[in-house]
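# A closer look at the structure
Spelled out, the chains give:
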Protein chains: 4
Amino acid sequence: MIITLDPDSSTPFYEQLRNQIVLGIATGQLEPGEKLPTVRQLAEELSMNPMTVNKAYALMKQEGFIAIDRRHGAKVKPQLKASQERKELPPRLEQELQLLIAEASIHGMDREGFQEACGRIFARMAGGIDQDTDSTEHQTDG
Amino acid sequence: MIITLDPDSSTPFYEQLRNQIVLGIATGQLEPGEKLPTVRQLAEELSMNPMTVNKAYALMKQEGFIAIDRRHGAKVKPQLKASQERKELPPRLEQELQLLIAEASIHGMDREGFQEACGRIFARMAGGIDQDTDSTEHQTDG
Amino acid sequence: MIITLDPDSSTPFYEQLRNQIVLGIATGQLEPGEKLPTVRQLAEELSMNPMTVNKAYALMKQEGFIAIDRRHGAKVKPQLKASQERKELPPRLEQELQLLIAEASIHGMDREGFQEACGRIFARMAGGIDQDTDSTEHQTDG
Amino acid sequence: MIITLDPDSSTPFYEQLRNQIVLGIATGQLEPGEKLPTVRQLAEELSMNPMTVNKAYALMKQEGFIAIDRRHGAKVKPQLKASQERKELPPRLEQELQLLIAEASIHGMDREGFQEACGRIFARMAGGIDQDTDSTEHQTDG
DNA sequence: GTGGTCTAGACCACC
DNA sequence: GTGGTCTAGACCACG
């Protein structure tokens, strides 16, 4: 799995890293139970500070995406998808989605168009591809 | 329109403010052309520094959501919704949506469930209500 | 001659007004010696404060574009174009042009392209038209 | 690179600063990728408030002239000139140029003379010199 | 040590 | 009275 960091982005490195790993999990590039590189390996590979990688890992652990074992390093949580059957968004995501929909709607997009866009993204995700998906942070604004 | 700020959130004040006003515009609580409070008024009302309100206003101006008039202060841009007919998300939103969908999908939500959730949010938005919408800043993550 | 003011522009009204009149003089829509509306007339016509119109007139008088006669009101200076034969830019314009060229060059435009653009604008100007020339301030950036 | 601020100018400090840096980029005094002083350094050097320098940097970042890196401060955007081949001015510059040409033409300058002046400025710029270029802020008009 | 954010208080241009 | 600009000084997130 390829990870690229944009130093010009306003999004901090640890968050860029976390975002891309989460994306990797969702697309299936990283499978449940799969081992992640060690903090030092990944830090070396990306030429970044181990502390920063560590922060990303700690964040994902706290969010429940990965499990950290002192002996075997970090791995994607095995029972991720199956864990919950409820069709409800966590409040944080619900809120983010609401804001996102607000902006989209102001930009003239209606419900159907938005749901279509969601459908497209889900489709891309299911494939587990990286064709259009250089989903780093490009908003060099903040 | 009620605005509440969460000092414990990692989201800076000016951004919290911006988010809530954008939400207000999308829900119709703030109509196109409607006057916003002056920088000083809002600053006083929220017990914050005028510079911070100023920053939020400047941001929304730059984003095209509001117009600032030297004489009468700021107002919601009149021709917002009608402007574009294209059914495409701006790249920044597309990318954010992708990440959001990734997280939702990891939490076990499938395409249908997600689109339903979007539908519900759109419905709430169209009404311009605040029944279920305590969509303030809850992410006390900072 | 049509004058339009953009209240959302960062350019102050008096300057927008001055710019459009200067443009009118250059394009020949306003001829040397031609009488301008009185401050009050123009203020009424544009629904703006007479003080603001007055400021624009005073500025143009100070710049040498118009002459103000207490009895007959303001008029475009008669001997404008003929006055100087020298092919030199006033320092203020030279400096502004330099900055403008700097930005254009950074955006990838070379000397030829820039001179072409100048040629086109001169051509438009000579015609004395208002086809493409709604040269108000549109940069609602503040 | 020497930067001088004119406190008597009507142009705000942050804009004077931005203008001179943009000029420096165009003339080659500041090369693509080159590091800019930190906000604090430059503020100290110019005896001004860091916030003001910050504002200038933020503006140039938003305009795409520089990139800001959390670790090493700001640097001139690397791929500036090569980006676009089109020979078109951005509308804002086109409009400014039109007004500038209007004023020049009123001062008796014709198309040829103006294009010559542009040529001279381009030449000076390409050299990356500061022989005749005391093109600081002279407009003590505020 | 870097930029980002926030506060407090002041002055000015515009209208 | 409005927003725009500037200063001084402080704290925090990031790396």
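Everything quoted here is computed from the prediction, not taken from an experiment. (Residues numbered from 1 in each chain as written. Chains lettered and ligands numbered in written order. Predicted model: local features only at pLDDT ≥ 70, side-chain atom pairs only at ≥ 80, totals over all residues. Heavy atoms only, no water.)

## Some words on the overall build of chain A
- Broken down by element type, chain A carries 5 helices and 2 strands.
- Beginning at the N terminus, the succession of helices and strands in chain A can be written as α-α-α-β-β-α-α.
- Each of the 142 residues in chain A was classed as buried or not, and the buried ones make up 45%.
- Long-range pairs, those at least 24 residues apart, make up 56% of the contacts in chain A with a sequence separation of at least 6.
- On chain A, roughly 7,400 Å² of surface is accessible, and the fraction owed to carbon and sulfur atoms is 49%. (Helix = DSSP H or I, 4+ residues; strand = E, 2+ residues; numbered from the N terminus. Buried < 20%, exposed > 50% of the residue type's maximum accessible area, 1.4 Å probe, protein only. Contact = heavy atoms within 4.5 Å. Areas by Shrake-Rupley, 256 points an atom, 1.4 Å probe, with all protein chains shown as cover.)

## Considering the interface of chain A and chain B
- Contact with chain A, which involves 51 residues of that partner, is made by 51 residues of chain B.
- Area buried by chain A at its contact with chain B is led by Q98, I106 and F122 of chain A, which between them contribute 14% of it.
- One can count 7 salt bridges joining chain A with chain B.
- Measuring nitrogen to oxygen at the nearest pair gives 3.7 Å for the salt bridge that ties E94 of chain B to R124 of chain A.
- At the junction of chain A and chain B, the tally comes to 5 residue pairs in polar contact (both at pLDDT 80 or more).
- Going through the elements one at a time, helix 1 (13-27), helix 4 (91-106) and helix 5 (111-127) of chain A are the ones with two or more residues in the side of chain A that touches chain B.
- Broken down by element, the side of chain A that touches chain B gets its largest block of residues, 15 residues, from helix 4 of chain A. (Buried area = accessible area lost by both parts, 1.4 Å probe. Salt bridge = Lys/Arg side-chain N within 4 Å of Asp/Glu carboxyl O. Polar contact = N/O pair within 3.5 Å; in protein donor to acceptor, adjacent residues only side chain to side chain.)

## Side note on the protein's contact with DNA strand E
- What surrounds DNA strand E is a group of 23 residues, the closest being F13, N49 and T52 of chain B, F13 of chain C together with R40 of chain D.
- Sugar plus phosphate: this is where 75% of the atoms of DNA strand E within 4 Å of the protein reside.
- Within the backbone of F13 of chain B, one N or O atom sits 2.3 Å away from a phosphate oxygen of DNA strand E.
- Residue N49 of chain B places a side-chain N or O atom 2.7 Å away from a base nitrogen belonging to DNA strand E.
- Looking at the surface near DNA strand E element by element, the count peaks at 3 residues for helix 3 (residues 50-63) of chain B. (Near = heavy atom within 4 Å.)

## Observations regarding the pairing of strand 2 (residues 73-76) of chain B
All names here are of chain B.
- Relative to strand 2, strand 1 (residues 66-69) is paired through 4 bridges, and the arrangement is antiparallel. Looking at the pairing, D69 lines up with G73 of strand 2.
- Hairpin connection between strand 1 and strand 2: a loop of 3 residues separates the two successive antiparallel strands. (Pairing = 2+ DSSP bridges.)

## Some details on the packing of aromatic side chains
- In the structure shown here, the tally under the stated rule is 4 aromatic pairs over all chains.
- With centroids separated by 5.8 Å and ring planes inclined at 65°, the aromatic side chains of F114 of chain C and F122 of chain D adopt a geometry described as edge-to-face. Taken as a pair, F114 of chain C in helix 5 (residues 111-127) and F122 of chain D in helix 5 (residues 111-127) lie in two separate chains rather than in one. Here F114 of chain C and F122 of chain D have matching classes, each one buried.
- Sitting over the ring of Y14 of chain A, K55 of chain A keeps its end group 4.6 Å from the ring centre. (Phe/Tyr/Trp six-rings, centres within 6.5 Å; stacked < 30°, edge-to-face > 60°. Lys NZ or Arg CZ within 6 Å of the ring centre and 35° of its normal.)

## Observations concerning the relation of the copies chain A and chain B
- By a simple turn and slide, chain A fits onto chain B: the slide is 0.0 Å along the axis, the RMSD is 0.4 Å, and the turn is 178°. Both chain copies can therefore be described as sitting about a two-fold axis. Among all residues of chain A, the one whose C-alpha sits closest to the rotation axis is Q115 of chain A, at a distance of 2.8 Å.
- Taken together, the interface assignments show that 100% of the residues at the interface of chain A recur at the interface of chain B, consistent with an identical surface on both copies. (Least-squares fit on C-alpha atoms with pLDDT ≥ 70 in both.)

## Some details on the protein's contact with DNA strand F
- Contacts to DNA strand F come from 22 residues, most closely from F13 of chain A, R40 of chain B together with F13, N49 and T52 of chain D.
- Backbone atoms, meaning sugar plus phosphate, form 75% of the atoms of DNA strand F positioned within 4 Å of the protein.
- K55 of chain A is positioned such that a nitrogen or oxygen atom in its side chain is 3.0 Å from a phosphate oxygen of DNA strand F.
- Ranked by residue count, the leading element in the surface near DNA strand F is helix 3 (residues 50-63) of chain D, at 3 residues.
- Considering only residue class, the surface near DNA strand F consists of 10 nonpolar, 6 polar and 6 charged. (Nonpolar A, V, L, I, M, F, W, Y, C, P; charged D, E, K, R; others polar.)

## Considering the pattern of salt bridges
- Tallied over the entire structure, the rule returns 26 salt bridges over all chains.
- E94 of chain D is paired through a salt bridge with R120 of chain C; the nearest N and O atoms lie 4.0 Å apart. Placement of E94 of chain D in helix 4 (residues 91-106) and of R120 of chain C in helix 5 is noted, with the two residues assigned to different chains.
- Of the residues examined, E94 of chain D reaches a relative accessible area of 16% and is grouped as buried.
- Taking the shortest distance from any N to any O, the salt bridge between R92 of chain D and E96 of chain D comes out at 3.3 Å. Here the residue R92 of chain D and the residue E96 of chain D both occupy positions in helix 4, the gap between them amounting to 4 residues, near one helical turn.
- Residue R92 of chain D is classed as partly exposed on the basis of its relative accessible area of 29%.
- Sharing partners across several salt bridges, the network here consists of R18, E63, R92 and E96 of chain A together with E103 of chain B.

These results come straight from atomic positions and should not be treated as a statement about function.
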